[in-house]
Amino acid sequence: MFEYNVNRNKLIIREYGRNIQKMVAEALAEEDYDKRTEKAKAIVKMMALACPDDKESKNQKESLDYWHKLWDHLHIMAEYKLEVDCPFPKPEPKSDVFQYEKPDYNKHLIRFRTYGRNMERIIKSVSAYPAEEREKMTIVLANHLKKLYLTYNRETVDDKLICQQIKEISDGHLTLPEDIILDSTKDILKNASNANANKPLVQKKKKKKKKKKEL
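Residues numbered from 1 in each chain as written. Predicted model: local features only at pLDDT ≥ 70, side-chain atom pairs only at ≥ 80, totals over all residues. Heavy atoms only, no water.

Trainee: What should I look at first to understand the overall build of the chain in this one?
Mentor: When helices and strands are tallied, the chain shows eight helices and zero strands. Along the chain, from the amino end to the carboxyl end, the secondary structure elements read α-α-α-α-α-α-α-α. Counting across all 215 residues of the chain, residues that qualify as buried make up 27%. The long-range share in the chain, meaning contacts at least 24 apart out of those at least 6 apart in sequence, stands at 52%. In the form shown here, the chain has an accessible surface area of approximately 18,000 Å², with 52% of it arising from carbon and sulfur atoms. (Helix = DSSP H or I, 4+ residues; strand = E, 2+ residues; numbered from the N terminus. Buried < 20%, exposed > 50% of the residue type's maximum accessible area, 1.4 Å probe, protein only. Contact = heavy atoms within 4.5 Å. Areas by Shrake-Rupley, 256 points an atom, 1.4 Å probe, with all protein chains shown as cover.)

Trainee: What's the story with the packing of helix H1 (residues 17–29) against helix H2 (residues 33–50) in this structure? I'm lost.
Mentor: For any two helices packed against each other, one specifies the crossing angle of their axes together with the interaxial distance. As a packed pair, H1 and H2 sit with axes 10 Å apart at the nearest point and diverge in direction by 170°. Taken together, H1 and H2 sit at an angle that is classed as roughly antiparallel. In contact with Ile-20, Met-23, Val-24, Glu-26 and Ala-27 of H1, H2 contributes Arg-36, Lys-39, Ile-43, Met-46, Met-47 and Ala-50. Residue composition of the contact of H1 with H2, by class: eight nonpolar, no polar and three charged. (Axes fitted to C-alpha atoms, helices over the stretch in contact; angles between N-to-C directions. Parallel < 35°, antiparallel > 145°, perpendicular 65-115°, else oblique. Nonpolar A, V, L, I, M, F, W, Y, C, P; charged D, E, K, R; others polar.)

Trainee: Help me out: how do you make sense of unusual backbone geometry in this one?
Mentor: Excluding glycine, a negative phi dihedral is what most residues carry, and trans is how most peptide bonds are arranged. With a phi close to 55°, Glu-79 is a non-glycine residue in the positive phi region. Summarising the element assignment, Glu-79 is placed in the loop between helix H4 (64–77) and helix H5 (116–126). The phi dihedral of Tyr-80 is positive, around 65°, even though this residue is not glycine. Of note, Tyr-80 is situated in the loop between H4 and H5.

Trainee: What should I look at first to understand a negative patch on the surface in this one?
Mentor: On the surface, a cluster of negative charge is contributed by Glu-31, Asp-32, Asp-34, Glu-38 and Asp-85. In this structure Asp-32 comes out as partly exposed when scored by relative accessible area, which is 34%. (Patch = residues over 30% accessible without salt bridge, like charges linked within 9 Å, V, L, I, M, F, W, Y side chains within 5 Å. Salt bridge = Lys/Arg side-chain N within 4 Å of Asp/Glu carboxyl O. Lys, Arg positive; Asp, Glu negative; His and termini not counted. Charge placed at Lys NZ, Arg CZ, Asp CG, Glu CD.)

Trainee: Would you mind going over the side chain of Ser-127 with me for this structure?
Mentor: Turning to its location among the elements, Ser-127 is positioned in the loop between H5 and helix H6 (131–150). The exposure class assigned to Ser-127 is buried, which follows from its relative accessible area of 12%. In terms of polar contacts, Ser-127 uses its side chain to reach the backbone carbonyl oxygen of Ile-123, at 2.9 Å. Sequence-distant contacts of Ser-127, that is, excluding residues within four places in its chain, are made with Arg-134, Ser-170, His-173 and Leu-174. (Polar contact = N/O pair within 3.5 Å; in protein donor to acceptor, adjacent residues only side chain to side chain.)

Trainee: Help me out: how do you make sense of the nonpolar core in this one?
Mentor: Note on soluble globular proteins: their nonpolar side chains tend to be buried together. Counting 20 residues, the largest nonpolar core has Met-47, Trp-71 and Leu-74 as its most contacted members. Of all elements in the fold, only H1, H2 and H4 reach the threshold of two or more residues within this core. Those residues in contact with Leu-74, other than ones at most four positions away along the chain, are Val-24, Ala-40, Ile-43, Val-44, Met-47 and Leu-82. If you look at the next biggest cluster of nonpolar residues, it comprises 19 residues, including Ile-162, Ile-166, Leu-174 and Leu-176. (Core = buried A, V, L, I, M, F, W, Y, C linked by side-chain atoms within 4.5 Å.)

Trainee: What's the story with the pattern of salt bridges in this structure? I'm lost.
Mentor: A side chain of one charge can pair with a side chain of the opposite charge if their charged atoms are brought near each other. For the structure shown, the criterion picks out five salt bridges. Among the salt bridges present, the one from Lys-81 reaches Glu-79, with a minimum N-O distance of 3.6 Å. The class for Lys-81 is exposed, based on a relative accessible area of 56%. Look at Glu-79 and you get partly exposed, because its relative accessible area is 46%. The shortest N-O distance in the salt bridge between Arg-111 and Asp-171 comes to 2.9 Å. Taken together, the residues span a long stretch of sequence, with Arg-111 in the loop between H4 and H5 and Asp-171 in the loop between helix H7 (159–169) and helix H8 (185–197) at a distance of 60 residues. Judged by relative accessible area, which is 36%, Arg-111 ranks as partly exposed.

Trainee: Where do I start with the side chain of Glu-120 in this structure?
Mentor: Assignment of secondary structure puts Glu-120 in helix H5. Of note is the side chain of Glu-120, whose polar atom sits 3.0 Å from the backbone nitrogen of Arg-111.

Listed below in structure tokens is the structure:
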């Protein structure tokens, strides 16, 4: 029968492969201390062959640091349960699990995404103005909201809808008369098209065609 990865144990250090990890499991199951130590030494040698480091020079591979690293990896794959005669101190299990800090996203609820968060902030700040200034600014804001509404390719918009939405955003502080007439949709779209027409065009430089040399 085939042995599928789904039914296998999770690889602890993938670089050494599943066969090395199986050998580690066999060493853990060995009851005799001396035989378990011999198996551990053989596994470390196999680890050096299974995962060579081309950047390491021969002198570095013969160094104690290199073999210390392999023995540490052996203990990690054995989940720190391997009791053998090790030439290096047994590493301590890492108990501190690193936790990623979730970024503090702005969780402010936008009531109408058509106008954006900044526009809602402006409306709420205008809500704190004195009564006379608040009435003048409400008309200006309502016309601007209508302009923003039409930028989403909507041909028409009801003035009552704009008045209702500005009232909702301001929590009832900014209100307009029911018979208020805002800037017409035709004028808003005309002004927007004129503004786009007045933008300077970036002229592309014409590439000079190179004349072919006559043979």
